[in-house]
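# Structural characterization, general
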Amino acid sequence: MKEKTTSATGQTPPASRNGTSKYFKPEDFTCRCGCGLNNISPELIATLDKVRETAGIALRITSGSRCAKHNEAVGGESDSAHLTGLAADIAIVGSHERYLVSKAAIAVGVDRMGIGMNLVHLDIDKDKSKEVAWLYA
């Protein structure tokens, strides 16, 4: 059964938002500390749109761009792909949703992901190891 196409906020998306995304708003990727940083990669946004379409479910971004201060505060790696706008964390509710997002990410060519109980981290940093998946405790 195919889900009705909606954005992370539950609204039907326009064809694109300023030519950048079918499903996400810029603020979905802005650093959560309030500093206003949003250096998210257009390539990552296009990839997430494809993941969303392939998975057939709405994706809620919990972390996109991060400034160095916020990255340190949340325990991010010092070379985190979030710092350069090349990663996003997606909220996950349950094992089926985790499976759908992970399967879709692989299908569209994502070759770096972290899997947690409540999130899937997708990463397109070409300067890091390829074909890896790690677990969050």
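Residues numbered from 1 in each chain as written. Predicted model: local features only at pLDDT ≥ 70, side-chain atom pairs only at ≥ 80, totals over all residues. Heavy atoms only, no water.

## What to know about the pairing of strand β4 (residues 119-123)
The test is simple: Each residue gets one of three labels from its accessible area relative to the maximum for its type: buried under 20%, exposed over 50%, partly exposed in between, using a 1.4 Å probe on protein chains only. Secondary structure elements are taken from DSSP: a helix is a run of H or I of four residues or more, a strand is a run of E of two residues or more, and numbering for both begins at the N terminus. Two strands pair if DSSP finds at least two bridges between them.
Extensive coverage of β4 is indicated by the burial of four of its five residues. Pairing of strand β3 (residues 112-115) with β4 involves three bridges; the strand directions are antiparallel. Within β4, the residue paired with Met113 across the bridge is Leu122. In sequence, β3 turns back onto β4 through a hairpin of three residues.

## Quick notes on the packing of aromatic side chains
For clarity, the cut-off: Planes of paired rings set the category: under 30 degrees apart is stacked, over 60 is edge-to-face and the rest tilted, where pairs are Phe, Tyr or Trp rings (Trp by its six-membered ring) whose centres lie within 6.5 Å. We call a charge positioned over a ring when the NZ of a Lys or the CZ of an Arg lies within 6 Å of the ring centre and within 35 degrees of the ring normal.
Under the definition given, this model contains two aromatic pairs. Between the aromatic rings of Phe24 and Phe29, the centroid separation amounts to 5.6 Å while the plane-to-plane angle is 70°, which identifies the pairing as edge-to-face. Of the two residues examined, Phe24 and Phe29, each falls in the buried class. Between the aromatic rings of Trp134 and Tyr136, the centroid separation amounts to 6.5 Å while the plane-to-plane angle is 80°, which identifies the pairing as edge-to-face. Take Tyr136: its relative accessible area is 36%, and that puts it in the partly exposed class. Taking NZ or CZ as reference, Arg52 lies 4.6 Å from the ring centre of Tyr23, over its face.

Any link to function would need more than the numbers given here.
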